[in-house]
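Chain and residue survey
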Amino acid sequence: MTTTKYDPRVLKAPHPVPGAPDNWKRFFSFNTDAKVIGIQYIGLALFFLLVGGLLAMVMRGELITPPADLVDPSVYNGLYTMHGTVMLFLFLFPVLNGFNNLLIPTMIGAPDMAFPKLNAAAFWLVPVFAFVLLSSFFVPGGPASSGWWSYPPVSIQNPLGHLINGEFLWILAVAISGVSSIMGAINFVTTIIRMRAPGMGFFKMPVFVWTAWAAQTLQLIGLPALTGGAIMLLFDLSFGTSFFRPEGGGDPVLYQHFFWFYSHPAVYVMVLPVFGIFSELITVYSRKPLFGYKFVALASFIITFLGLIVWVHHMFYTGTPQWMRNLVMITTMLIAVPTGVKVFAWLGTLWGAKIRLTTPMLFVLGGLVNFIFGGITGVMLGTVPIDIHVGNTYFVVAHFHYIIFNTIGFGIFAGIYHWFPKFTGRMYYEGLGKIHFTLTFIGATLNWLPLHWAGLYGMPRRVASYDPEFALWNVIASIGAFMLGVASIPFILNIVSSWARGAKAPANPWRAIGLEWLLPSPPPAENFEDDIPTVISEPYGYGLGKPLVEDEEFYVRRSMEA
Amino acid sequence: MTSTNADLPLKHVPGHIKHDGHNLTGFIIFLCSESIIFLAFFVGYSLLKITSPEWLPEGVEGLETRMPLINTVILVSSSFVAYFAERYLHKENLWGFRAMWLLTMAMGSYFVYGQYVEWSELAFSLSSGVFGGTFYLLTGFHGLHVITGILLMGLMLARSFRPNNYAKGEMGVTAVSLFWHFVDVIWIILYLLIYVWQRTS
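Residues numbered from 1 in each chain as written. Chains lettered and ligands numbered in written order. Predicted model: local features only at pLDDT ≥ 70, side-chain atom pairs only at ≥ 80, totals over all residues. Heavy atoms only, no water.

1. Thoughts on the overall build of chain B
- Per the secondary structure count, chain B includes 5 helices and 0 strands.
- Ordering the α and β elements of chain B from the N terminus gives α-α-α-α-α.
- Each of the 201 residues in chain B was classed as buried or not, and the buried ones make up 50%.
- Here the analysis covers contacts within chain B between residues at least 6 apart in sequence; of these, 81% occur between residues at least 24 apart.
- Approximately 9,900 Å² of chain B is accessible, and the part contributed by carbon and sulfur atoms is 67%. (Helix = DSSP H or I, 4+ residues; strand = E, 2+ residues; numbered from the N terminus. Buried < 20%, exposed > 50% of the residue type's maximum accessible area, 1.4 Å probe, protein only. Contact = heavy atoms within 4.5 Å. Areas by Shrake-Rupley, 256 points an atom, 1.4 Å probe, with all protein chains shown as cover.)

2. Structural notes on the overall build of chain A
- The helix and strand tally for chain A stands at 15 helices and 0 strands.
- The dimensions of chain A, computed from C-alpha atoms along their principal axes, are 70 × 60 × 50 Å.
- Going through the 562 residues of chain A one by one, you find that 62% of them count as buried.
- A total of about 20,400 Å² of accessible surface is found on chain A, and carbon and sulfur atoms cover 72% of it.
- Between the averaged position of the 30 positive side-chain charges in chain A and that of its 27 negative side-chain charges there is a distance of 8 Å. (Lys, Arg positive; Asp, Glu negative; His and termini not counted. Charge placed at Lys NZ, Arg CZ, Asp CG, Glu CD.)

3. Looking at the pattern of salt bridges
Residue and element names in this part refer to chain A.
- As enumerated under the stated definition, the model contains 2 salt bridges over all chains in all.
- A salt bridge links K35 to D33; the nearest nitrogen and oxygen atoms lie 3.4 Å apart.
- For K35, a relative accessible area of 8% gives the class buried.
- On the basis of relative accessible area, D33 is assigned to the buried category, the value being 9%.
- Close ionic contact of R558 with D531 constitutes a salt bridge, the shortest N to O distance being 3.3 Å. One end of the pair, R558, is in helix α15 (residues 552–561); the other, D531, is in the loop between α14 (471–501) and α15, and 27 residues separate them in sequence. (Salt bridge = Lys/Arg side-chain N within 4 Å of Asp/Glu carboxyl O.)

4. A closer look at the nonpolar core
- F99(A) and W101(B) are the most contacted members of the largest nonpolar core, which totals 226 residues.
- In this view, W101(B) contacts A82(B), A85(B), M153(B), M156(B), L157(B), V173(B), V176(B) and S177(B); residues no more than four positions away in its chain are not counted.
- Grouped together as the second largest cluster of nonpolar side chains are 5 residues, V312(A), F316(A), M329(A) and V384(A) included. (Core = buried A, V, L, I, M, F, W, Y, C linked by side-chain atoms within 4.5 Å.)

5. Observations regarding helix α3 (residues 94–121) of chain B
- Taking 1.5 Å as the rise per residue, α3(B) with 28 residues should run 40 Å; its terminal C-alpha atoms sit 41 Å apart, in good agreement.
- Those residues of α3(B) that sit buried are G96(B), F97(B), R98(B), W101(B), T104(B), M105(B), M107(B), G108(B), F111(B), G114(B), Q115(B) and E118(B). (Expected span 1.5 Å × (residues − 1).)

6. Section: the packing of helix α3 (residues 116–134) of chain A against helix α4 (residues 166–194) of chain A
Residue and element names in this part refer to chain A.
- Between α3 and α4, the least distance of the axes is 9 Å, while the angle of their chain directions is 165°. Taken together, the axes of α3 and α4 are roughly antiparallel relative to one another. Relative to α4, α3 is oriented so that their crossing is left-handed. In contact with L118, N119, A121, A122, L125, V126, V128, F129, V132 and L133 of α3, α4 contributes L169, W170, L172, A173, I176, S177, V179, S180, M183, G184 and N187.
- Residue composition of the contact of α3 with α4, grouped by class: 16 nonpolar, 5 polar and no charged. (Axes fitted to C-alpha atoms, helices over the stretch in contact; angles between N-to-C directions. Parallel < 35°, antiparallel > 145°, perpendicular 65-115°, else oblique. Left-handed = near helix turned anticlockwise from the far one by under 90°. Nonpolar A, V, L, I, M, F, W, Y, C, P; charged D, E, K, R; others polar.)

7. Some thoughts on a nonpolar patch on the surface
All names here are of chain A.
- Together, F295, I330, L334, V337 and V341 make up a nonpolar patch on the protein surface, roughly 470 Å² of accessible area in all.
- The set of elements that each furnish at least two residues to the nonpolar patch consists of α8 (322–334) and α9 (336–350).
- Position of L334 relative to the elements: it lies in helix α8. (Patch = residues over 30% accessible without salt bridge, like charges linked within 9 Å, V, L, I, M, F, W, Y side chains within 5 Å.)

8. As for the packing of helix α2 (residues 73–108) of chain A against helix α12 (residues 394–424) of chain A
Residues and elements named next belong to chain A.
- α12 packs onto α2 with a crossing angle of 35° between their chain directions and a minimal axis gap of 11 Å. Handedness of the α2/α12 crossing: left-handed. Contacts between α2 and α12 involve Y76, H83, L88, F91, L92, V95, L96, F99, L102, L103, T106 and M107 from the former and Y394, H401, I404, I408, I412, G415, I416, W419 and F423 from the latter.
- By residue class, the composition of the contact of α2 with α12 is 17 nonpolar, 4 polar and no charged.

9. Examining the confidence of the model for chain A
- For chain A, the mean per-residue pLDDT works out to 91, and 96% of the residues sit at or above 70.
- Note on residues 1–16 of chain A: pLDDT is under 50 here. Beyond four places in sequence and across chains, it has 39 contacts. (pLDDT = per-residue confidence, 0-100.)

10. Things to note about the packing of aromatic side chains
- Counted by the stated rule, this structure contains 73 aromatic pairs over all chains.
- The interplanar angle of 80° and the centroid separation of 6.2 Å between the aromatic rings of W24(A) and F28(A) together place this pair among those described as edge-to-face.
- By relative accessible area, which is 64% here, F28(A) ends up exposed.
- Here the aromatic cluster, defined as three or more aromatic residues joined through ring pairs, consists of Y285(A), F363(A), F405(A), F410(A), F413(A), Y417(A), Y428(A), F437(A), F441(A), W448(A), F491(A) and W510(A).
- The ring of F203(A) has K294(A) sitting right over it, with the charged end atom 5.3 Å from the ring centre.
- Its end group placed over the ring of W197(B), K49(B) keeps NZ or CZ at 4.4 Å from the ring centre. (Phe/Tyr/Trp six-rings, centres within 6.5 Å; stacked < 30°, edge-to-face > 60°. Lys NZ or Arg CZ within 6 Å of the ring centre and 35° of its normal.)

11. As for helix α6 (residues 252–286) of chain A
All names here are of chain A.
- Under the 1.5 Å per step criterion, the end-to-end length of α6 is 51 Å for 35 residues, consistent within 8% with the ideal 51 Å.
- The principal kink in α6, of about 30°, is found at W260.
- Counting buried residues in α6 gives 31 out of 35 residues, a clear majority hidden from the surface.
- Looking one or two places after α6, you find R287, whose phi comes out positive at around 55°. (Bend = angle between axes of the 7 residues up to and from the residue.)

Shown next, in the form of structure tokens:
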């Protein structure tokens, strides 16, 4: 190695750690290549999707009959707490960080992330905190069981008196997850701001990059507030302070403010990149420019802004004054406007198009239908009277699963199928993909649609036993849930077998427009290396016949030859 | 991959990016998110102070303000010293930089010492109701940042003695002195909230 002298003219991410392996073992090593880290994130997240799903299976097994006969009610409390935590912090955030890692550098024509080592460190914190979180099953007193929101004063009770208990490990795990997410967010935002290819102004960025940027901005603003609250909660739990302890002068509602100030925007952190995936895929598979591209891009930041000022709608029934409830109700409903802009832009793109119904597109369309449904119930829940009526029932559970699984989950599956050829270099099996989609769509609908009615008729959530009048809804829901469990089999089969033996993927199997499709499949270690293309037109020029970059033939030829 | 930055050809370097300022961009973004943690603590402190039925623990009249005031003066002036250190570095006066930087570190250390003396003389503890908790959390969390700042300065000082890394050191120095100014501003708000507000209420 020659001595490295700092040269300010070179825009180049630091090279990967020397000696990093170049075969499958690299996915188990401290590798600084964003594409490897992206696949690491997605692989680990899919593993925890199975873990979280398994916890949900036990819960649905318990709820298939009205009395609490399968598991003890206290175990059930631990189950739903861990199900929520695993799904959010070990599946959704990591999988979306995986997409960010794969797509942001390749889409903006950067060689890598701005801080590759920070990136790898952020990833390796995920298994660390997964270990901390899941080890809570083996400490005396069992895992945290006060729900994933962990409200005091329930969560700061420590009946056994141990310092290391389930709740302590839960808060510790969430804190490590927060550090990891902040490290990721700094990296993504810096990369988007500073490392775009020449010619790529903000209004030439793909919508996925816009939405990832907006989502990571939310992380940077919201997550520190939760971290502050979590530090106080940890002190209350373990060191005898009284921030949230009423008998010492503290205020339990203050914690709810800290918690929801982050955890409401967290939904947008997860859903915004999925909006980006929808925008990318709808244009590719309907072969039309994205209708209202600039509005779709800007709507992401409007959602970010509005998402930060509506958290109080989770606290309509915790002594919030009426004027504040009205104000928050109005701002909550306003979010439907930028969201509607996006939905109508997608519908406008689909209008009159010749649509290719491949597996990713099926997931997008399914997710879009579910999102419209979940969005409407969201507006319903944003109104004070309905929220007070159904706030603690299965209606809320049904609503957020329509957003979190039926929209975000579908978008994630769509994205995995769509970019699978690009980043693994192999095509997936279309037939297995369609079986996966069919099982998932039917299972998800059977699972959560009936729970809307169960909730409206008054079935409370967070309980292991319920009134027999809700039995029918729950039997249907449980059948749907088990179907979702079965749906993971064709998916795993597809991913594993196509990666091992699938047909070699061409550079651009979908004939899509975008910088990532100018790279060979899979892309080389530093993407474009020193030949970074100059972007000359807006993204999504389907049917317009305009080249995306200067000297496009050169890049297409090179990606074919590789 | 054995290539280093120096080996790379310079063609196709984007024109609108003149230097790898993304390190500084990342650091500024980090400071923004850090300030939100402090904001959360400040908001929490204020709300608890306004709404709590009992604030000061029994037997505590109020906080002694002389030592904190001296500490404030020291910390605020150390920020100016850090600024001059950076100025020397830009003028490539390395010894001037090192002297000023060492002075900043000394002032920071004195601040930590002052806080230690103050803590050891206080009549209440972390678990003395909501006041004890908020006081120790806010000052302790800030103190942790001061210590981090001193450690980072030590790192930059050591780096300034290494050959060939002068320019990289300069970037780090800018970042660390930004951090120091940040810690300083946070302290001013903290001082107003904890020590000044207690007198007027």
